[in-house]
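Architecture at a glance
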Amino acid sequence: MNKSTNDAVMNTKGNAPSIHEGDTIAEIREHRKRALVAAFRLFGKFGFDEGLAGHITVRDPEKLDHFWVNPMAVSFKQMTLSKLLLVNHQGDVVEGDGLLNGAAFAIHSQIHQAHPNINAAAHAHSLYGKAWSSLAKTLDPITQDACAFYQDHVLFDDFTGVVLEQSEGKRIADAITNNKAAILQNHGLLTVGLTVEAAAWWFITMERSCQAQLLAEAAGTPTIITNEAAQSAHQVVGSELAGFFSFMPMFQVICAEQPQMFE
């Protein structure tokens with residue numbers, strides 16, 4: 001674990017945890033890239049990879065119109081720091097070797113351009129997420145964890161095929177507005193955040209929330225949490241800070257298990 005990651009975990013003011021990625025551009029970049037690689041390894045461990053599908057991006061802290069992304073045809077399970085690509089908003093690979101996934105560029109470039117407050121975005125064809133997406137509806141607040149998305153995610157209900165055009169990516173970016181996630185109908189899940197940690201955690205817990213609601217509806221009729229209680233829970237489990245720190249236990253485990261990812 002590098003210095004900036006230690007700071008992110010340990011930095012406190014009056015016993016209140018805060019997000020800290022580093023003190024210099026170089027430290028912040030290193031932190032973001034390490035968190036990005038760890039997120040890929042976790043996605044691979046959880047089985048979110050499927051063929052060429054799936055991508056996570058993070059904005060470069062210095063070149064704000066550039067983002068780091070995984071190259072096409074490299075397994076999430078084998079992602080390393082040295083394999084990451086730095087891509088600009090025109091689709092040029094300016095650092096790294098490998099092919100840029102067309103869908104990754106079409107979706108993520110538009111999200112990063114349209115939302116300066118979004119530094120990271122995650123999308124994959126996870127099993128329960130794509131199953132839920134076929135139902136063309138948003139998640140209900142049936143569990144405390146699902147309340148992270150209460151009135152904070154949208155349904156993008158216009159599937160027209162594989163997203164390869166920037167115009168399609170722009171429509172997805174426009175649909176997100178101020179929400180942390182989107183259910184892409186007949187496609188899968190997309191989550192965003194101020195940090196890689198939060199965006200990755202929202203994806204992981206949203207996938208599990210899809211699984212939980214599919215199981216609950218198969219067994220019977222789930223009890224819906226009241227509006228007041230769901231809003232209260234959302235303030236706790238749905239904040240950017242909650243997303244960042246919820247990722248930390250998984251991050252620490254994957255770092256210990258697979259230190260070679262930082263090569």
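In this text the structure is predicted, and so the values were computed from the model without any measurement.

1. Some thoughts on the packing of helix α6 (residues 196–219) against helix α8 (residues 240–257)
- Packing of α6 against α8 leaves a shortest axis separation of 8 Å and a crossing angle of 80 degrees. It follows from the interaxial angle that α6 and α8 lie roughly perpendicular. When α6 is examined against α8, the residues Glu197, Ala198, Ala200, Trp201, Trp202, Ile204 and Arg208 are found in contact with a partner set consisting of Glu240, Gly243, Phe244, Ser246, Phe247, Met248 and Met250.
- Here the residues of the contact of α6 with α8 sort into 9 nonpolar, 2 polar and 3 charged.

2. Examining helix α5 (residues 166–176)
- Within α5 the residues assigned to the buried category are Glu168, Gly169, Ile172, Ala173 and Ile176. Axial view of α5: buried residues confined to an arc of 140 degrees, hence all on one face.
- Looking at the buried side of α5, the elements it contacts are α3 (102–114), β8 (153–156), β9 (181–184) and β10 (188–193).
- In the segment just after α5, Thr177 is the residue with positive phi, at about 45 degrees.

3. Here's the deal with the nonpolar core
- Formed by 51 residues in total, the largest nonpolar core has its most connected members in Leu36, Phe43, Leu84 and Phe247.
- Of all the elements in the fold, those that place two or more residues in this core are α2 (25–45), β3 (55–59), β7 (120–124), β9, α6, α7 (227–237) and α8.
- If one sorts the elements of this core by residue count, α6 sits on top with 10 residues.
- In contact with Leu36, other than residues within four places in its own chain, are Ile56, Thr57, Val58, Trp68, Val69, Leu84 and Val196.

4. Considering the packing of aromatic side chains
- A complete count under the given rule lists 9 aromatic pairs for this structure.
- Seen in terms of ring centroids, Phe43 and Phe48 are 5.1 Å apart; in terms of plane orientation they differ by 80 degrees. Their pairing is edge-to-face. Phe48 shares its class with Phe43; the two are buried.
- An aromatic cluster of at least three residues, connected via ring pairs, comprises Phe40, Phe43, Phe46, Phe48, Phe76 and Phe203.
- The ring of Phe262 is capped by Arg34, whose NZ or CZ atom sits 3.9 Å from the centre of that ring.
- Arg208 extends its terminal NZ or CZ atom over the ring of Phe46, reaching a point 5.5 Å from the ring centre.

5. Let's talk about the pairing of strand β4 (residues 66–69)
- Both faces of β4 are covered, namely the face carrying His66 and Trp68 and the face carrying Phe67 and Val69.
- Relative to β4, β3 runs antiparallel, the two being bridged by 3 bridges. Bridge pairing in β4 places Val58 opposite Trp68.
- Linking β3 to β4, which pair antiparallel, is a turn of 6 residues.
- Where β4 and strand β5 (residues 85–88) come together, 4 bridges link them in antiparallel fashion. Residue Trp68 lies in a different strand from β5, and its bridge partner there is Leu86.

6. Notes on the sheet that holds β8
- Spatial strand order, β6-β5-β4-β3-β7-β10-β9-β8: 8 strands in an open sheet with mixed pairing. Bordering the open sheet on either side are β6 (93–95) and β8, each of which pairs with just one other strand. The sheet shows a mean angle of 25 degrees between the axes of neighbouring strands, taken without regard to direction.
- The pairing of β5 with β6 spans 2 bridges and is antiparallel. Across the sheet, residue Val87 finds its bridge partner in β6, namely Val93.
- Sheet strands touched by α2: β3, β4 and β7. Its angle to β3, the strand with the most contacts, is close to 170 degrees.

7. A look at the environment of Thr138
- You can see Thr138 is positioned in the loop between α4 (127–133) and β8.
- For Thr138, a relative accessible area of 31% translates into the label partly exposed.
- Considering only alpha carbons, one finds Thr138 and Ser209, 71 residues apart in sequence, at a separation of 11 Å.
- Apart from residues lying up to four places away in sequence, Thr138 is in contact with Trp132, His153, Val154, Leu155 and Ile183.

8. What to know about the pattern of salt bridges
- A full pass over the atoms with the stated rule returns 12 salt bridges.
- A salt bridge links Lys130 to Glu50; its shortest N-O distance comes to 2.8 Å. Of this pair, Lys130 sits in helix α4 while Glu50 sits in the loop between α2 and β3; the two residues are 80 residues apart in sequence, bridging distant segments of the chain.
- According to the relative accessible area criterion, Glu50 is partly exposed, its value standing at 41%.
- Put simply, Glu217 and Lys137 hold a salt bridge, and the shortest N to O gap is 3.3 Å. Placement of the pair is Glu217 in helix α6 and Lys137 in the loop between α4 and β8, with a sequence separation of 80 residues.

Each value, and the rule that gives it
Residues numbered from 1 in each chain as written. Predicted model: local features only at pLDDT ≥ 70, side-chain atom pairs only at ≥ 80, totals over all residues. Heavy atoms only, no water. Axes fitted to C-alpha atoms, helices over the stretch in contact; angles between N-to-C directions. Helix = DSSP H or I, 4+ residues; strand = E, 2+ residues; numbered from the N terminus. Parallel < 35°, antiparallel > 145°, perpendicular 65-115°, else oblique. Contact = heavy atoms within 4.5 Å. Nonpolar A, V, L, I, M, F, W, Y, C, P; charged D, E, K, R; others polar. Buried < 20%, exposed > 50% of the residue type's maximum accessible area, 1.4 Å probe, protein only. Arc of directions from axis to C-beta. Core = buried A, V, L, I, M, F, W, Y, C linked by side-chain atoms within 4.5 Å. Phe/Tyr/Trp six-rings, centres within 6.5 Å; stacked < 30°, edge-to-face > 60°. Lys NZ or Arg CZ within 6 Å of the ring centre and 35° of its normal. Pairing = 2+ DSSP bridges. Salt bridge = Lys/Arg side-chain N within 4 Å of Asp/Glu carboxyl O.

Don't take any of this as a statement about function, it's just geometry.
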